[in-house]
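In case you want the letters, here they are:
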Amino acid sequence: QNEIYLQGLGGAVPPFTTDPDALEQSARDRLGPGPFWYVAGGAGSGATVRANRAAFERVQLVPRMLTNATERHLGVTVLGTELPAPVMLAPVGVQAILHPDGELATARAAAELGVPMVLSTASSHTIEEVAEASGDGPRWYQLYWPNDPGVCASLLERAKKAGYTALVVTLDTWTLAWRPHDLDQAYLPFLRGIGTAIPFSDPAFRAGLQKSPEEDMPMAILRWVQLFTGTDKSWDQLSFLREHWDGPIVLKGIQHADDARKAVEFGMDGVVVSNHGGRQVDGAVGSLDALPSIVEAVGEQVDVLFDSGIRTGADIVKALALGAKAVMVGRPFAYGLAHGGQVGVKHVLRSLLADFDLTLGLSGHRSPADLGPDALRFS
Ligand code: FNR
């Protein structure tokens with residue numbers, strides 16, 4: 001914040017707005033409808049996207065005064081790792097749709113700030129390339145659980161070798177939802193995006209094809225999509241992932257307390273309370289509304305992370321006060337990427353962290369650990 005003031009004295013203003021609505025609008029102007037709706041769109045009528053935001057609006061902060069909150073510590077420990085702030089970059093697929101540097105730009109920006117990036121299985125750059133761009137930065141790997149165990153083991157092996165420490169298994173997208181905006185475009189931005197890199201580097205995947213992806217791209221893309229569609233999994237198969245992964249595993253897409261309990265029962269290290277940013281089940285509960293019962297069910301035993309709808313520092317304070325250990329942010333950084341690659345992601349992320357820091361302090365708290373439901377009022 002001080003830096004922005006000081007630069008302003010010299011006549012310089014930030015590269016683009018980080019006001020959430022204006023940021024979305026300016027990304028829309030910049031990207032064109034296909035890529036823009038790939039990011040902004042939700043499932044069906046968009047009811048869940050709206051429910052995510054409405055849930056935040058029903059919870060309000062109740063600031064406290066004279067609490068000596070001028071010095072603050074934002075750090076938290078998540079899955080045994082110390083983070084500079086309770087914020088991570090959510091897995092977002094095929095980022096080359098938004099900027100040619102895609103995940104490489106995101107990885108560099110995240111590493112500059114020491115914020116973990118969660119790399120999507122559906123990335124436009126390979127696991128190894130993104131790891132290299134991350135340097136020493138913290139990194140987690142997100143798995144879309146393929147129905148071919150050989151490919152699954154190969155992806156996990158590569159991610160381990162490349163220094164990804166935690167595994168985020170996304171359960172809510174075993175098939176793509178009815179997404180009218182993407183269907184209107186026949187998923188073209190997405191298909192063109194995955195044609196650039198993702199799967200084709202994986203030896204186990206290539207081995208399962210009759211011709212190389214270079215020779216028969218449409219078949220390779222179809223096979224890739226089939227690999228992640230209609231995967232018929234059960235809770236006890238989580239043991240396969242445990243066998244092939246040494247670090248912590250968290251399940252993403254949890255919205256029901258009983259599923260969170262099952263995650264613990266089956267030996268998981270945490271859950272991400274998420275509805276995929278409203279992109280999967282239309283008419284679902286706002287993710288923040290789902291958070292308290294899950295924290296109550298398993299919050300003492302494992303780390304509960306949260307995403308879907310975080311746009312401001314106040315949103316982060318609210319999610320933490322309801323018991324989340326940390327939050328993941330999706331669309332805002334994707335819009336930053338569209339605006340300016342690495343610089344754009346960094347600008348969005350720094351702004352969000354500064355907003356969080358100030359809102360935490362001004363509402364009278366010195367650290368995430370100070371936050372609890374008594375910091376809130378529910379309307
Ligand atoms: C996603 N999300 C997602 N999740 C995942 O596990 N793997 C993925 O590849 C993707 N891809 C993806 C692409 C785009 C364009 C978006 C917007 C989202 C979901 C993501 O990780 C996260 O759950 C939501 O984005 C959180 O909601 P907000 O912050 O966008 O409201």
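Details of the structure are given in the entry above.
Residues numbered from 1 in each chain as written. Predicted model: local features only at pLDDT ≥ 70, side-chain atom pairs only at ≥ 80, totals over all residues. Heavy atoms only, no water.

Draft legend 1. Broad picture of the overall build of the protein chain. For the protein chain, the helix and strand inventory stands at 16 helices and twelve strands. What you see for the protein chain is a C-alpha radius of gyration of 20 Å, in line with the 21 Å of a compact globule of 379 residues. Projected onto its principal axes, the C-alpha positions of the protein chain cover 70 × 50 × 40 Å. Across the 379 residues of the protein chain, 54% fall into the buried class. Long-range contacts, defined as pairs at least 24 residues apart, comprise 73% of the intrachain contacts of the protein chain with a sequence gap of at least 6. Only carbon and sulfur atoms are counted for the fraction: they give 53% of the accessible area of the protein chain, which is about 16,400 Å². A gap of 3 Å separates the mean positions of the 31 positive and 43 negative side-chain charges of the protein chain. (Helix = DSSP H or I, 4+ residues; strand = E, 2+ residues; numbered from the N terminus. Rg over C-alpha atoms; globule rule 2.2 N^0.38 Å. Buried < 20%, exposed > 50% of the residue type's maximum accessible area, 1.4 Å probe, protein only. Contact = heavy atoms within 4.5 Å. Areas by Shrake-Rupley, 256 points an atom, 1.4 Å probe, with all protein chains shown as cover. Lys, Arg positive; Asp, Glu negative; His and termini not counted. Charge placed at Lys NZ, Arg CZ, Asp CG, Glu CD.)

Draft legend 2. Structural detail: the site of the ligand. Near the ligand you find 22 residues, and of these Pro 91, Ser 120, Tyr 144, Thr 170 and Asp 307 are the closest. Contact between the ligand and Gly 93: a nitrogen atom at 3.0 Å from a main-chain N or O atom of the residue. Within the complex, the protein chains bury 98% of what would otherwise be the 600 Å² of accessible surface of the ligand. For the shell around the ligand, the elements supplying multiple residues, two or more each, are helix 3 (33-40) and strand 6 (139-144). Residue composition of the shell around the ligand, grouped by class: seven nonpolar, ten polar and five charged. (Near = heavy atom within 4 Å. Polar contact = N/O pair within 3.5 Å; in protein donor to acceptor, adjacent residues only side chain to side chain. Nonpolar A, V, L, I, M, F, W, Y, C, P; charged D, E, K, R; others polar.)

Draft legend 3. How the structure looks around helix 16 (residues 331-362). Relative to the 46 Å expected for 32 residues at 1.5 Å per residue, helix 16 spans just 26 Å between its end C-alpha atoms, considerably shorter than the ideal helical length. Maximal helix bending in helix 16 amounts to about 140°, located at Gly 340. Just downstream of helix 16, Gly 364 is the residue with a positive phi angle, here 100°. (Expected span 1.5 Å × (residues − 1). Bend = angle between axes of the 7 residues up to and from the residue.)

Draft legend 4. Seen up close, the pattern of salt bridges. The final tally for this structure, using the stated rule, is 13 salt bridges. Salt-bridge contacts for Arg 206 lead to Glu 214; the nearest nitrogen and oxygen are separated by 3.0 Å. On the accessibility criterion, Arg 206 (32% relative accessible area) is partly exposed. Taking relative accessible area as the criterion, Glu 214 reaches 57% and is therefore assigned exposed. Among the ionic pairs, Asp 258 bridges to Arg 261, the shortest N-O distance being 2.6 Å. Highlighted residues: Asp 258 and Arg 261, both in helix 13 (residues 257-265), separated by three residues, approximately one helical turn. The class for Asp 258 is partly exposed, based on a relative accessible area of 42%. Owing to a relative accessible area of 42%, Arg 261 belongs among the partly exposed residues under this scheme. (Salt bridge = Lys/Arg side-chain N within 4 Å of Asp/Glu carboxyl O.)

Draft legend 5. Broad picture of helix 2 (residues 20-31). An ideal rise of 1.5 Å per residue puts 16 Å on twelve residues; helix 2 measures up with 16 Å between its terminal C-alpha atoms. For helix 2, the set of buried residues is Leu 23, Ala 27 and Leu 31. One face of helix 2 carries all of its buried residues, which in axial projection span an arc of 55°. Across helix 2 from its buried face, at more than 90 degrees, point the exposed residues Asp 21 and Asp 29. Against helix 3 and helix 16 lie the buried residues of helix 2. At the exit of helix 2 stands Gly 32, carrying a positive phi of roughly 85°. (Arc of directions from axis to C-beta.)

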